[in-house]
Amino acid sequence: MRSYRVHVVLLLILILLSGCQQTNEELDKYEPRYSETPPVKKKKEYVLGVHPLHNPSRLFQVYQPLVDFINEHLQDSELRLEASRNYAVYNKKLFSGYFHFALPNPYQTVVSIQRGYRVFGKMGDDEKFRGIILVRKDSGIEHVEDLKGKTVSYPAPTALAATMLPQWYLQQHGIDVNKDIHNSYVGSQESSIVNVYLKKSAAAATWPPPWHAFIKERPEVAEEVMVKWETTSLPNNGLVVRNDVPQALVDQVGSIVFSLHTHERGKAILKRMELSRFEAAEDNVYISVREFLRRFEEEVRRIEVNDE
């Protein structure tokens, strides 16, 4: 029995020595692998939310080139464009602080300042930030009073240029917006235009950039629909940033965006937006918007924040 145990122990020792020899041989054959490029550091993502100037598909066509251009010039950060299907969804995201950067309309800009954002820029071309009211050329509508008893389409209750300014205009020209007409909020600029084209509404409210873009893609609409009335203007859409975003990043994004009009690629990006330039701005630029909103609520209707 003792001899048997000795043989077993000797056998185990031989197996271990064999394993060690094999391991040493494998180590002799091992060659380290070298990468020609350093590992890519993951960039910190920041969400940019553009309010529903267009339907989501059209919005990405217009604004993704801007985001791509900005990202090419950022080192450790990148922006991700996010669209919203309508104003209610966008308002909920913005007013809850979901976006890091945002391009809201002036009404949303004013509210966002109270919800943890600050203005660092805006769209230029303030003269374009006005409402327009469209009618079919064959409608027979000549005067504002002709809309009494009829339907007027708008993108959304909180669209400033495309809804509030036109409703203000109608109220100032003899229409009780709450009693004399039916207000139809159809979800997007394009839908508002299509409604009057298809005779679902007697008039459609929108604003110049989506109207000009729409008739380029649907020229047959321009053959049937015309701009009947225009409103006064207000400061254009704001560029806002959440208060906890690093100032160095805000400065970098601002320098990129505010110089777009100085080079050919930037001009091509701006052309998609029907815009000549972005410009630096601060919260106080929108004081006149606050005053308009105050008068609008006093004389036309209450503005529902709709961020629940």
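Residues numbered from 1 in each chain as written. Predicted model: local features only at pLDDT ≥ 70, side-chain atom pairs only at ≥ 80, totals over all residues. Heavy atoms only, no water.

Draft legend 1. Representation of unusual backbone geometry within the structure. In this structure, Asp125 takes a positive phi of about 60 degrees despite not being glycine. Checked against the element boundaries, Asp125 lands in the loop between strand 4 (117-123) and strand 5 (130-136). Positive phi, normally seen in glycine, also occurs at Glu274, with a value near 55 degrees. Glu274 gets classed as buried once you look at its relative accessible area, which sits at 16%. (Helix = DSSP H or I, 4+ residues; strand = E, 2+ residues; numbered from the N terminus. Buried < 20%, exposed > 50% of the residue type's maximum accessible area, 1.4 Å probe, protein only.)

Draft legend 2. Summary view of helix 6 (residues 189-197). Counting buried residues along helix 6, 7 of its 9 residues qualify, which places the element largely inside the surrounding structure. Those residues of helix 6 that sit buried are Gln189, Glu190, Ser192, Ile193, Asn195, Val196 and Tyr197. A positive phi of about 65 degrees marks Lys199, the residue just after helix 6.

Draft legend 3. A look at the side chain of Thr158. Here Thr158 lies in the loop between strand 6 (151-154) and helix 5 (160-172). We classify Thr158 as buried; its relative accessible area is 4%. Within the structure, Thr158 has its side chain in polar contact with the side chain of Asn91 (distance 3.3 Å). Aside from chain neighbours lying at most four places away, what touches Thr158 is Tyr87, Asn91, Asn105, Tyr107, Met164, Ile303 and Glu304. (Polar contact = N/O pair within 3.5 Å; in protein donor to acceptor, adjacent residues only side chain to side chain. Contact = heavy atoms within 4.5 Å.)

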